[in-house]
Amino acid sequence: MRHLMSPLDLSVEELDELLKLAGDIEKHPEKYAHACEGKKLATCFYEPSTRTRLSFEAAMLNLGGSVLGFHSADSSSAAKGESVSDTIRVISCYADICAIRHPKEGAALVASQKSGIPVINAGDGGHQHPTQTLTDLLTIYNLKGRCDHLKIGLCGDLKFGRTVHSLINALIRYPGIEFVLVSPEELRVPSYIRTDVLEANDIPFCEMEKLEDAIGDLDILYMTRVQRERFFNEEDYVRMKDFYILDNKKMALAKEDMLVLHPLPRVNEIAIEVDDDPRAVYFKQAQYGVYVRMALILTLLGIKVDS
Ligand code: NCD
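Just so we're clear, the structure is a prediction, and the values are computed from it rather than from any experiment. (Residues numbered from 1 in each chain as written. Predicted model: local features only at pLDDT ≥ 70, side-chain atom pairs only at ≥ 80, totals over all residues. Heavy atoms only, no water.)

Draft legend 1. Spatial organisation of the pairing of strand β6 (residues 177-182). Of all 6 residues in β6, 5 are buried, a share of seventy percent or more. Where strand β5 (residues 150-155) and β6 come together, 6 bridges link them in parallel fashion. Bridge pairing in β6 places L150 opposite I177. On the question of chirality, the crossover connecting β5 to the parallel β6 by way of helix α6 (residues 162-171) is right-handed. Bridge count between β6 and strand β7 (residues 205-208): 4 bridges; the pairing is parallel. Within β7, the residue paired with V180 across the bridge is C206. For the segment spanning β6, helix α7 (residues 191-199) and β7, crossover handedness is right-handed. (Buried < 20%, exposed > 50% of the residue type's maximum accessible area, 1.4 Å probe, protein only. Helix = DSSP H or I, 4+ residues; strand = E, 2+ residues; numbered from the N terminus. Pairing = 2+ DSSP bridges. Right-handed = clockwise from strand over helix to strand, strands pointing away.)

Below, the structure written as structure tokens:
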């Protein structure tokens, strides 16, 4: 039985297979419409979500399966004090696969250790968000034609943004990747990412504070929201929240073929006017999230669809 806790749980070859499968699903959805008939996906969300939960549910429904679950800790027995381990043991009796999101780092891993079914980490605190990374890689692969030899700017809350942590982990395995880390001093990537991931693997990167200084030679700009729910006090959040606002003036400094990604939700960090720029691909990215989750469910359930 396989789980997905981090993007590194898949080898680069497996990732390539998964992205190819997602591409085939996009082209021929009818081939996959009954692949998961009789199977159930449980979505156990202890934290708010729109895209991740609904795209998981849409993915399973598109595959002909069914979904069940809860969308807040308050509406589950967590409110009565039940542990994640006990909850997953019970869910294992009701469903065939589970996607779990939890505010505590490591909660999905704890769940996977007691689970009788494959567990997918749909976000654990400020740690990892591997299925967002699969979505990001599919977006980059489809719209850039490759995941290698790219200069990637990551901008915003690089400290608490779990999507950034997972994406860095995944991308360093491709050749010719270079990062420009754009954040205020207080929201720099955690030191374990800088030393254990980037420096340990000799990945070229630089850190900057001004987006204007970085944007000109990027192939990809990955914007993120300031993660309000992970701040210790509201004052710090208020000070940081509008640090970056990508607008048309800044977009004018970027390359013609630079792509802007964002895991969403957006707050203020991308002005609405940028949505009409053909380089803004964040809504397309959200659509890719369904195909890649369909591919992931099939892969973890070991279901093959003949071509
Ligand atoms: C992200 C998350 O939950 O980490 N959202 C998502 O899943 N698309 C990003 C965020 O909340 O800022």
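Draft legend 2. View of unusual backbone geometry. Cis peptide bonds are those with omega within 30 degrees of zero, and the linkage from L264 to P265 qualifies with 5°. Relative to the assigned elements, P265 resides in the loop between β9 (259-261) and α11 (282-301). The phi angle at H149 is positive, at roughly 50°, despite the residue not being glycine. In the Ramachandran plot, D202 falls in the positive-phi region, its phi being about 55° despite a non-glycine side chain. By the element assignment, D202 lies in the loop between α7 and β7.

Draft legend 3. Layout of the pattern of salt bridges. Across all of its chains, the model carries 19 salt bridges by this definition. For R53, the salt bridge identified is with E57, shortest N-O distance 3.4 Å. Placement of both R53 and E57 in helix α2 (residues 51-62) is noted, with a separation of 4 residues, approximately one turn of the helix. Classification of R53 by relative accessible area gives buried; the value is 17%. (Salt bridge = Lys/Arg side-chain N within 4 Å of Asp/Glu carboxyl O.)

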